Amino acid sequence: MSFLAIIAAFFIEQYKVLSTPKKWFRHQITQYAGFFVNREFHTVREIRMQFLIALIPFVVITLFLYIMPLANWHIPYFIINASLFILSIDILGWKQEAKNSNKEREYVGFIQSFATNFFAATFWFILLPSVLGTICYLTLTAMGNLLRSRGEQSAVYIIVVDKMLFWINLVPYTVLIMFIAIAGDFEEVTHYVISQRNKVKVSFYYLESVLTEVAFLAIGKDKFAKASSRYQDDTIEDYRSNKDRLNPEIIKYVVALLYRVGVFFIGSIIIISLVELL
């Protein structure tokens, strides 16, 4: 029945209902994350320990839910679970970021927002037995972003945060790339993914780069490269540092692609849920 919570969350965001409670709840997640990382760390081990300690409440409650007989509490459990998911998820926030991207000529940020705030957060909600999957993912992401904001070139980010974000995003990003391939140019995306098999790095920045490149390939990026600025090196760094080389029209096509991906993703969840009910 998780798909009912996802559909309800979509319409609540679409009509801007519960905006204030949602902001408050997300702020509480950030506050919880900040409690563990807003301090000075002297060793990598200290940082890893903070991530593990932050996970303990989620692990304990999840194990409790696994062993607790919920048959007589199915409806109350669903209502509580769905309500917390609605408060924590950000399904359409990336769309506003895309509008701002078109003005600022920044072609990458909203893709990552779609991937983390909607797709990965929903993925862990479906995979784990409750909304704790989403809240745990958002907490770890918030912890990583808080440390990341201290300086992307720092050893803290490179050694710990980048790898941690890689591991918690590896599976949902892989699934997302599959959906993008289905929604866009399947052959081109598949060829690119296969070409990466010997280049994989344990780095979240690498995942971000691959995902962005896949999104551009899925809509046919060559159509949006300005004729006067053709280039040989099609790396993500090139997209970020040479914005004048791309036609701003690319934003609309990437947005349309992500809409299709969202529809396919939610549609798949609905189909799987209905099959399980039969």
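Residues numbered from 1 in each chain as written. Predicted model: local features only at pLDDT ≥ 70, side-chain atom pairs only at ≥ 80, totals over all residues. Heavy atoms only, no water.

Engineer: Honestly, the overall build of the protein chain in this entry has me stumped. Any pointers?
Structural biologist: Check the secondary structure of the protein chain and you find 12 helices and 0 strands. Written out in order from the N terminus, the α and β elements of the protein chain read α-α-α-α-α-α-α-α-α-α-α-α. Relative to its full complement of 278 residues, the protein chain shows a buried share of 45%. Counted over contacts in the protein chain with a minimum sequence separation of 6, partners at least 24 positions apart contribute 78%. Element-wise, carbon and sulfur atoms account for 65% of the exposed surface of the protein chain, whose accessible area totals about 15000 Å². (Helix = DSSP H or I, 4+ residues; strand = E, 2+ residues; numbered from the N terminus. Buried < 20%, exposed > 50% of the residue type's maximum accessible area, 1.4 Å probe, protein only. Contact = heavy atoms within 4.5 Å. Areas by Shrake-Rupley, 256 points an atom, 1.4 Å probe, with all protein chains shown as cover.)

Engineer: Whenever I open this one, the side chain of Gln50 confuses me. Can you help?
Structural biologist: Note that Gln50 resides in helix α3 (residues 44–67). By relative accessible area, Gln50 is classed as buried at 13%. If we skip the residues at most four places from it in the chain, Gln50 touches Phe36, Arg39, Phe41 and Met143.

Engineer: Where do I start with the side chain of Thr141 in this structure?
Structural biologist: Mapped onto the elements of the fold, Thr141 is located in helix α7 (residues 132–148). At a separation of 2.8 Å, a polar atom in the side chain of Thr141 contacts the main-chain carbonyl oxygen of Tyr137. (Polar contact = N/O pair within 3.5 Å; in protein donor to acceptor, adjacent residues only side chain to side chain.)

Engineer: I tried to follow unusual backbone geometry on my own but got confused; where do I start?
Structural biologist: Most peptide bonds are trans, and most residues other than glycine sit at a negative phi. Positive phi outside glycine occurs at Lys16, with the angle close to 55 degrees. Along the polypeptide, Lys16 turns up in the loop between α1 (2–14) and α2 (19–37).

Engineer: Any chance you could explain the packing of aromatic side chains here in plain terms?
Structural biologist: Describing an aromatic ring pair means giving the distance of the ring centres and the angle of the ring planes. In this structure the tally under the stated criterion is 15 aromatic pairs. Members of the aromatic cluster, connected to one another through ring pairs, are Trp94, Phe114, Phe118, Phe119, Phe179, Tyr259 and Phe265. (Phe/Tyr/Trp six-rings, centres within 6.5 Å; stacked < 30°, edge-to-face > 60°.)

Engineer: Explain a negative patch on the surface to me, please; I cannot follow it from the model alone.
Structural biologist: A contiguous patch of negative charge on the surface is contributed by Asp185, Glu187, Glu188 and Asp222. Considering the arrangement of structural elements, one finds Glu187 in helix α9 (residues 186–195). For Glu187, a relative accessible area of 65% translates into the label exposed. (Patch = residues over 30% accessible without salt bridge, like charges linked within 9 Å, V, L, I, M, F, W, Y side chains within 5 Å. Salt bridge = Lys/Arg side-chain N within 4 Å of Asp/Glu carboxyl O. Lys, Arg positive; Asp, Glu negative; His and termini not counted. Charge placed at Lys NZ, Arg CZ, Asp CG, Glu CD.)

Engineer: Please clarify how the pattern of salt bridges should be interpreted in this entry.
Structural biologist: Two side chains carrying opposite charge are able to pair once their charged atoms lie near each other. Considering all chains together, one arrives at 4 salt bridges under this definition. A salt bridge links Lys221 to Glu213; the shortest N-O distance between them is 2.8 Å. Like Glu213, Lys221 is buried. Of the charged contacts in the structure, one is a salt bridge between Glu249 and Lys252, with a shortest N-O distance of 2.8 Å.

Engineer: Whenever I open this one, the environment of Ala9 confuses me. Can you help?
Structural biologist: In this structure, Ala9 sits in helix α1. As for Ala9 and Leu92, which are separated by 83 residues in sequence, their C-alpha atoms are 9.7 Å apart. Contact partners of Ala9, with chain neighbours within four places excluded, come to Phe85, Ile86, Ile89 and Ile91.

Engineer: So what exactly am I meant to see when it comes to the environment of Phe41 here?
Structural biologist: With respect to the secondary-structure elements, Phe41 resides in the loop between α2 and α3. In this structure Phe41 comes out as buried when scored by relative accessible area, which is 14%. Residues within four places of Phe41 in sequence aside, it is in contact with Phe36, Glu46, Ile47, Gln50, Leu147 and Arg150.

Engineer: What exactly am I supposed to notice about the confidence of the model for the protein chain here?
Structural biologist: For any part of a model where pLDDT is low, the fine detail of the predicted coordinates should not be relied upon. Across the protein chain, the average pLDDT comes to 83, with 85% of residues at or above 70. Note on residues 229–242: pLDDT is under 50 here. Beyond four places in sequence and across chains, it has 23 contacts. (pLDDT = per-residue confidence, 0-100.)

Engineer: What's the story with helix α10 (residues 204–218) in this structure? I'm lost.
Structural biologist: For an α-helix, the turn length of 3.6 residues means that residues three or four places apart are oriented alike. The end-to-end C-alpha separation of α10 is 21 Å, in line with the 21 Å expected for 15 residues at 1.5 Å each. With 14 of 15 residues buried, α10 lies mostly within the body of the structure. Measuring from the backbone nitrogen of Tyr205 back to the side-chain oxygen at the start of α10 gives 3.2 Å, which picks out Ser203 as the cap. Following α10 by one or two positions, Gly220 adopts a phi angle in the positive range, close to 80 degrees. (Expected span 1.5 Å × (residues − 1).)

Engineer: Mind showing me how you'd approach the packing of α9 against α10 here?
Structural biologist: Helix-helix packing is described using two parameters, namely the angle between the two axes and the distance between the axes. Across the interface, α9 lies against α10 with an axial gap of 8 Å and an inter-helix angle of 150 degrees. Judged by the angle between their axes, α9 and α10 are roughly antiparallel. Where α9 crosses over α10, the handedness of that crossing is right-handed. Contacts between α9 and α10 involve Glu188, Val189, Tyr192 and Val193 from the first element and Val210, Glu213, Val214, Leu217 and Ala218 from the second. Counted by class, the contact of α9 with α10 contains 7 nonpolar, no polar and 2 charged residues. (Axes fitted to C-alpha atoms, helices over the stretch in contact; angles between N-to-C directions. Parallel < 35°, antiparallel > 145°, perpendicular 65-115°, else oblique. Left-handed = near helix turned anticlockwise from the far one by under 90°. Nonpolar A, V, L, I, M, F, W, Y, C, P; charged D, E, K, R; others polar.)

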